[in-house]
Amino acid sequence: MTPLRLLPWLGIWLMTLFALLATPALAQTTTSVESETATPPAEEQASYEALADLLENEQSRQELIDVLRSQASTLPAGLEAELSPEAAAAGGNVSPEDVSLPRQLAELTSRVVTDIGGQVEQAASVVGDLFTGSGDASTFDAAAFTQAAINLGIVIVATFALFFVLRRLGKPAFAKVSRWSLTGTGLTPVLRLILCVAIAAVVDFLIVGLAYVGGNLIATFAVGETGELSTRASLFLNAFLIIELFKAVMRMLFSSHYEGLRLLPISAHEASYWNRWLARLIGMVGYGLMVAVPLVNFYLGASLGQAVGTLIMIIAFIYAVSVVLKNRVRLRGNMNAIAANTTMTASRVSLQLFARTWHLFALLYFLIVFVLTLTRPGDALPFVLFATLKTLAAVVVGLLASTFLTQTIGRRIQLSDDLRRKLPMLEHRLNSYVPNALRVLRTVILVAVIMVVLDAWGAFNLAGWYASERGAHIVGNLISVAVILIVSLGIWLALASLIEHKLNPETGTGEPSARAKTLLSLFRNALAIAMVTITGMIVLSEIGINIGPLIAGAGVLGLAIGFGAQKLVQDVITGVFIQVENAMNTGDVVTLGGITGTAERLSIRSVGIRDLSGTYHIVPFSSVDTVSNYMREYGNHVGEYGIAYRESIDDAIEQLKLAFEDLRSSQEHGFKILADLTVAGVVALADSSVNIRVVIKTTPGDQWGVGRAYNRLVKMRFDEAGIEIPFPHTTLYFGQDKTGSAPPANLRVMQQAFTIDGSPAGQPKAAELVTDDRHNPHTDDSTTKNPEHHKPDEEDV
């Protein structure tokens, strides 16, 4: 066993020793008390009568209760009195207002040390008289001492034995509840944990209560005088009930044997360590101050009881400081590991700072408890006990509330398949709002925990602040702001979801029109801006800010911006009228500002157009004079087809109609045609062709595809019918005389030289005219094939 673990056992043995030493003085103390209290004086009888009259009067009784509660709520005032400048200035020439804080602390330390020294001297004197047989201890009865010690020991052993047996019998119940907490279904994990811990706490409290009742029965009917409960047994049993209930509360936080019954999120090893340490500390201080000290005070003397209480607190303080310093680094690492897994920045930074300074807060806490116990043992110790319990309760409730929120709304929200199909953006939008809402709620919980902790230690009066006009106003404003934000968010979600429902082709009335898509998208953007502006104004008004000057200033600023940004105003106004007149929608093929393409994005100020080459243009509406929309109601393919002058126009028109019938019967383009072919007839007698125009009415946006398919079919039909589609060529005319004969053409025929295998030996010169004689019937093939053929010269021509 390490020296650190010997400290609590040493304290327990000292308490037992002083409790047993109190037994010899029982007989004479009781006799002296009875002789002194046999005949109460007349003054005491009068005071009792006055007190009875006071309690009978309802108004005076209520005033007395209020005074007592006021005194209970200001328990640390005694310490403030001892730290006051008046107390520090007593006995000196310095005025109270000139006394410094170090002087006050020095005076307090001096009084504490003096009191401890006096307690030690008195305790030594009493113990010396006890062992030397002088003074009141001369009537020491060894037989009575032995009998009293045996009786008290029997009660203690029997009570603890019964308690351990009941704990053993309750293990299966604890194990079953713990398994259900870890593996059960039907509730969220944190709610299941709270429910199981509550059930286990009830069982634990019942075990402590049964052990307490059993100890009382043993002490009353099996030990000493039958039917009488001795003072020593009563002190121990009352202390047992309070201390073991307090340990049961600690087991709710640090359940070392049952993983599913542990409120704090720590490992089993850490829980076992801190549970043992707190159990030793609580047992040593509790049994010492609630059993040993009262017995010594009553039977041996108040001075010796104070000395025993001081010794117990010194041992407890040394033990607590040793444990804190021993675990300083290890606990810092555990807190940093928890902080690394925290998503909230404020919580992570706070945990990291607390990990570096937690030991300082712990040492300060134990020092305050030690000083208050020495200076104000009757008032300060209950105050510290209840403040500690409130602090633990606030921290645990805050952790459980944060964990519950994380497990309920912190996880990803998954909607049903049908709702996801109808509202595809709702799930994404909800999951984007939840983390921010969770951060806000965690911040509220953190602030509430801090306020409760400060109120527990008297640094902040939470009830008084809330009862004040300022506190109620702040709380009311915060609740109002929260309600406004929640309502605004709900309205936005409802309207945005309705717009998505209308835009979704799988719901509503089917595929929405381009106009509906454009107007609903613009309405959604305008709605978002309006909601943010209106909500912001209402929130500012709710927290007490006068928004009248803000609205007026915004109007003046808007007017100034309107004059300074006329182009922007023109963009907006023109855009509004374009949308009202339904000039174009998203997906339309338009021409505006000299650019033709598909409108991909429409806003209140500009339009984004993607042209045929893939270039994206942003055209402000102020530069738009004319909007040419190719996607309204229907489209026309206007085609002009030229034929040679020698061809029959009626035959050509017939072939054009046959090509249209082929187009209408095709599966790819037939459903796009809205009317029969319109033949406008001959529209031009061009230089080399006769042009015939036809018009095909199609669905909007399909006129280009239909036109390309029709051109292909017209070419195929003309080729099949032998109708010539003229192309640019030149005809040489040499003229005629009056007799109708034409003069000979002045031509020079150039022939290529061929090799033996018939391949050309060279290319003609660029400036020379080469004729092909293969189609000339007057050309002698033998001369062209003879390499020895004589080439004519200028004289021959």
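Here's what I pulled together on the structure shown here.

## Describing the sheet that holds strand S7 (residues 678-685)
Ordered by their spatial adjacency, 3 strands build an open sheet running S6-S8-S7, and the pairing between neighbours is antiparallel. At either end of the open sheet lies a strand with only one pairing partner, and these are strand S6 (635-643) and S7. For this sheet, the mean angle separating the axes of adjacent strands, direction not counted, is 25 degrees. On the sheet, helix H23 (residues 649-665) packs against S6, S7 and strand S8 (690-698) and is oriented at approximately 25 degrees with respect to S8. Each of S6 and S8 touches helix H24 (residues 703-721); the most contacted strand, S6, lies at about 25 degrees to it.

## Some words on the pairing of strand S1 (residues 589-592)
Residues of S1 alternate between two faces, with Val589 and Thr591 on one and Val590 and Leu592 on the opposite face, all of them buried. Bridge count for S1 against strand S2 (residues 595-602) is 4 bridges, and the pairing is antiparallel. Each residue of the ladder has a partner; that of Val589, found in S2, is Thr598. In terms of strand pairing, S1 meets strand S5 (residues 628-629) through 2 bridges, oriented antiparallel. Bridge pairing in S5 links Val590 to Asn629.

## Details of the pattern of salt bridges
Scanning the model with the defined rule gives 13 salt bridges in all. Close ionic contact of Asp204 with Arg251 constitutes a salt bridge, the shortest N to O distance being 2.8 Å. On the criterion of sequence distance, the pair formed by Asp204 in helix H9 (residues 189-221) and Arg251 in helix H10 (residues 231-253) is long-range, its members being 47 residues apart. Judged by its relative accessible area of 5%, Asp204 is buried. Through salt bridges with shared partners, one network takes in Arg167, Asp204 and Arg251.

## Thoughts on the packing of aromatic side chains
Applying the stated criterion to the full structure yields 18 aromatic pairs. Ring geometry for Trp277 and Tyr319: centres 6.3 Å apart, planes at 45 degrees, overall tilted. Highlighted residues: Trp277 in helix H11 (residues 268-299) and Tyr319 in helix H12 (residues 302-326), separated in sequence by 42 residues. Each of the two residues, Trp277 as well as Tyr319, counts as buried. With a centroid separation of 5.3 Å and an interplanar angle of 70 degrees, the aromatic rings of Tyr365 and Phe366 are classed as edge-to-face. Through a chain of ring-to-ring contacts, the aromatic side chains of Phe160, Phe163, Phe164, Phe236, Phe240 and Tyr287 assemble into a single cluster. For the cation-ring pair, Arg330 lies above Tyr273, with the distance from its terminal atom to the ring centre recorded as 5.1 Å. Note that Lys697 overlies the ring of Tyr634, its terminal NZ or CZ placed 4.3 Å from the centroid.

About the criteria used
Residues numbered from 1 in each chain as written. Predicted model: local features only at pLDDT ≥ 70, side-chain atom pairs only at ≥ 80, totals over all residues. Heavy atoms only, no water. Pairing = 2+ DSSP bridges. Helix = DSSP H or I, 4+ residues; strand = E, 2+ residues; numbered from the N terminus. Axes fitted to C-alpha atoms, helices over the stretch in contact; angles between N-to-C directions. Contact = heavy atoms within 4.5 Å. Buried < 20%, exposed > 50% of the residue type's maximum accessible area, 1.4 Å probe, protein only. Salt bridge = Lys/Arg side-chain N within 4 Å of Asp/Glu carboxyl O. Phe/Tyr/Trp six-rings, centres within 6.5 Å; stacked < 30°, edge-to-face > 60°. Lys NZ or Arg CZ within 6 Å of the ring centre and 35° of its normal.

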